[in-house]
Amino acid sequence: MLLGASKNGARNQTLQLKVALVPDRSCWIALPVGLCNQLYSSNCMPPLIFRLAPGAVAGLGSRTSPGGSSAHNFVYVAWGGGTCAQKAAVEVPSGLASCLGLRHGMSCLMSLVQDIPPAEVIELEPASSDDWEVLEQNSGHLEEEILNQVGVVAPGQPLCVWARQQAMITL
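Residues numbered from 1 in each chain as written. Predicted model: local features only at pLDDT ≥ 70, side-chain atom pairs only at ≥ 80, totals over all residues. Heavy atoms only, no water.

Evaluated as defined, the whole model comprises one cavity of 30 Å³ or more. Reported here for the largest cavity is a volume of approximately 130 Å³. If you trace the largest cavity, you find 16 residues lining it, with Tyr 76, Leu 96, Val 152, Gln 157 and Leu 159 closest to the centre. Listed by contribution, the elements that provide at least two residues to the lining of the largest cavity are strand 4 (75-84) and helix 2 (94-100). No other element matches the three residues that strand 4 contributes to the lining of the largest cavity. Broken down by class, the residue content of the lining of the largest cavity amounts to 13 nonpolar, three polar and no charged. (1 Å grid on protein atoms, 1.4 Å probe; cavity = no way out; pocket = protein on both sides within 12 Å on 5 of 7 lines; lining within 4 Å. Points joined across faces, edges and corners; volume = space filled by probe spheres on them. Helix = DSSP H or I, 4+ residues; strand = E, 2+ residues; numbered from the N terminus. Nonpolar A, V, L, I, M, F, W, Y, C, P; charged D, E, K, R; others polar.)

This is the structure in structure tokens:
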């Protein structure tokens, strides 16, 4: 398994992994120990952002549906240094996976995203009336916690956060 990537311009390869759901109440993925060691050896220190292409298969590129549209979209996930015992899987907290449309056992192509500009302003809106209600009840807590929970924000991608480890809301 090789994901030859570094922030100093080394090559960036794509790796095929399976999604493994875990019951963690976080928004951070965990990577196989061997991959973590390779990233650290390449001076890639967390937090890092990865692009996942769910349903894609290495060597085949994007699959298309009968209508000709792409059968998958890219989603972005953040890694904060967590490891998993599985050698060919990326562990994704089940709440985050649900928010992003990832399923247990789903094959995906993963690549490191480099040179990401920091966001200066982000405008968010709860996705449902239930999310609004939880947000209103926990606004002070979420205001303090959101930066600890969120590792990546991408245009058009749902943002999931936990309110007091009790309820996940989608923004």
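Following the structure, the description resumes.
Position of Pro 93 relative to the elements: it lies in strand 5 (residues 89-93). According to the relative accessible area criterion, Pro 93 is buried, its value standing at 1%. Distance in space between the C-alpha atoms of Pro 93 and Trp 28 is 7.2 Å, their sequence separation being 65 residues. (Buried < 20%, exposed > 50% of the residue type's maximum accessible area, 1.4 Å probe, protein only.)

For the largest pocket, the calculated volume is near 700 Å³. What lines the largest pocket is a set of 22 residues, and nearest its centre among them are Ile 49, Ile 116, Gly 151, Val 152 and Val 153. Residue composition of the lining of the largest pocket, by class: 18 nonpolar, two polar and two charged.

Looking now at the nonpolar core. In this structure, Leu 31, Phe 50 and Leu 102 are the most contacted members of the largest nonpolar core, which totals 28 residues. Secondary structure elements with two or more residues in this core: strand 1 (15-22), strand 2 (28-32), helix 1 (33-41), strand 3 (48-54), strand 4, strand 5, helix 2 and strand 6 (107-113). By residue number, the principal contributor to this core is helix 2, which donates four residues. With residues up to four places along the chain from it excluded, the contact list for Leu 102 reads Val 19, Leu 52, Pro 54, Val 75, Val 92 and Ala 97. With eight residues, the next largest nonpolar core counts Val 134, Leu 142, Leu 159 and Ala 163 among its residues. (Core = buried A, V, L, I, M, F, W, Y, C linked by side-chain atoms within 4.5 Å. Contact = heavy atoms within 4.5 Å.)

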